[in-house]
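Chain by chain, the residues:
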Amino acid sequence: LKLSVKNYNLALDIYLSISNSGIKKFMPHLANTHFALAEAYLKAHDFYNAKTHFKEALKLYDQSHNFDFDALKANVYYQLGNIYTEEFNEHDAKVNYLKSLTLFEHLTTQEPQRFQAFLAAVYNNLGVTSKSMGDYNKALEYYEKALEHYEFLNTHQNILFLPYVAATYNSLGILHAEIKDFEKAIAFLHKTSAVYNDLVNEAPEAYTHYLATALHNLGLFYFELKNTNSAEYYFNEALTMRRALALHEPDAFDADVCVTSLNLIELYQNQLESSLDFNLKTKCLELLTDVETRLKPYDDERAVLKSMKSDCLYYKDYFNTVTIEALRLTDVLKK
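Now for a look at the structure at hand. (Residues numbered from 1 in each chain as written. Predicted model: local features only at pLDDT ≥ 70, side-chain atom pairs only at ≥ 80, totals over all residues. Heavy atoms only, no water.)

### Regarding the overall build of the protein
- Looking only at helices and strands, the protein features 15 helices and zero strands.
- C-alpha atoms of the protein, sized along the principal axes, occupy 90 × 40 × 40 Å.
- Across the 335 residues that make up the protein, the buried fraction comes to 45%.
- Nonlocal contacts in the protein, meaning residues at least 24 apart in sequence, comprise 58% of its contacts between residues at least 6 apart.
- For the protein, the accessible area works out to roughly 18000 Å², and carbon and sulfur atoms hold 53% of it. (Helix = DSSP H or I, 4+ residues; strand = E, 2+ residues; numbered from the N terminus. Buried < 20%, exposed > 50% of the residue type's maximum accessible area, 1.4 Å probe, protein only. Contact = heavy atoms within 4.5 Å. Areas by Shrake-Rupley, 256 points an atom, 1.4 Å probe, with all protein chains shown as cover.)

Okay, structure coming up:
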């Protein structure tokens, strides 16, 4: 990347010198060098310089009415939207995505096979941004538009778009869960897991963790609806997959195992307090021993890890001290 930036800057100096001398026929090369330099800075996570050169390219593209420059302009707005998203500046991200959307919609009407995938990506990112801004109705509208395009692309052009269909189902499921419509959330997560299940058959190393996450979320949503049998089933399915993944890549997947285990422990705690079945206490203590072992190597201060360690301590204390008499008394007091 350093050599890339160095050489693009050398080229930029030459094109600027030519342009400043009054020769304008190389302006497209100047614009495209700004664009290429911006992409190099973006890959190097230098957002300031990336934005600077994308905007310089944009000024030059605006001076031309060439169809291919419209495509580059659309791409610039899209990339600026991505940068502002990385910087948690949702307002400017949305402004740039909307400009990109207008251009890609026009381009897609003229060359759908070339631009429809870009249009779908912009709709998806507008969904993400609108959700972050708390505008759930708009997010729903954008995700549904993205899904419509991805399903068309998958059916009519290229099966490689199937993972994008699954990801959009997942986004719609999570969005419905956030607005407390768990029935629809579950319906979308079932679609998500069905697609990922097919993808796992083709490429298990690439998609098993996505399937495990979808199953985990199904457990969460069924738990919210107090359907404990279904919640337990999907938590256990997710846990089995995540343990298998962690066996080969503990650094990547041990935390996921702990998340699912702790949700399962919470479910068992609720069942224990309602059924007084002390076999559940044994299950929970076994799960907690495993969670404690997996969390031990993590000594960083990430909030999610601190939260899991705190939950682990709470549940250990609870299950090591709870008695049948105490639960019966609590049950009587509740009644």
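Here the narrative resumes, following the displayed structure.
### As for the pattern of salt bridges
- Per the stated rule, a full pass over the model turns up 10 salt bridges.
- For the salt bridge of K138 with E141, the shortest nitrogen-to-oxygen distance reads 3.5 Å. Note that K138 and E141 are positioned in helix α7 (residues 136-156) at a spacing of three residues, about one turn of the helix.
- For E141, a relative accessible area of 37% corresponds to the partly exposed category. (Salt bridge = Lys/Arg side-chain N within 4 Å of Asp/Glu carboxyl O.)

### Overview of helix α6 (residues 112-132)
- With 21 residues, α6 ought to run about 30 Å at 1.5 Å a step, and its terminal C-alpha atoms sit 29 Å apart, in line with that.
- With its phi angle positive at about 85 degrees, G134 sits one or two positions after the end of α6. (Expected span 1.5 Å × (residues − 1).)

### Looking at the packing of aromatic side chains
- Considering all chains together, one arrives at 22 aromatic pairs under this definition.
- Summarising the aromatic geometry, the rings of Y78 and Y97 are spaced 6.0 Å apart at their centres and angled 50 degrees between planes, so their arrangement reads as tilted. Placement of Y78 in helix α4 (residues 67-86) and of Y97 in helix α5 (residues 90-110) is noted, with a sequence separation of 19 residues between them. Here Y78 matches Y97 in class, with each residue buried.
- Cluster of aromatic residues (ring-pair linked, three or more members): Y314, Y315, Y318 and F319. (Phe/Tyr/Trp six-rings, centres within 6.5 Å; stacked < 30°, edge-to-face > 60°.)

### Quick look at the side chain of T260
- Take T260: it is sitting in helix α12 (residues 250-275).
- Within the local environment of T260, its side chain forms a polar contact with the side chain of H216, the two groups lying 2.9 Å apart. (Polar contact = N/O pair within 3.5 Å; in protein donor to acceptor, adjacent residues only side chain to side chain.)

### As for the packing of helix α8 (residues 162-178) against helix α9 (residues 182-202)
- Close contact between α8 and α9 brings their axes to 8 Å; oriented N to C, the two are set at 160 degrees. Classed by the angle they form, the pair α8 and α9 counts as roughly antiparallel. With respect to the hand of their crossing, α8 and α9 are arranged in left-handed fashion. Where α8 abuts α9, its residues L162, P163, A166, A167, Y169, N170, L172, G173, I174, H176 and A177 lie against F182, K184, A185, F188, L189, K191, T192, V195, Y196 and L199.
- For the contact of α8 with α9, the class distribution of residues is 15 nonpolar, four polar and two charged. (Axes fitted to C-alpha atoms, helices over the stretch in contact; angles between N-to-C directions. Parallel < 35°, antiparallel > 145°, perpendicular 65-115°, else oblique. Left-handed = near helix turned anticlockwise from the far one by under 90°. Nonpolar A, V, L, I, M, F, W, Y, C, P; charged D, E, K, R; others polar.)

### Some thoughts on the environment of F47
- If you trace the backbone, F47 turns up in helix α3 (residues 47-62).
- Taking the C-alpha atoms as reference points, F47 and E86, 39 residues apart in sequence, are found 8.9 Å from one another.
- Among all residues touching F47, those that are not within four sequence positions of it are L42, I83, E86 and E87.

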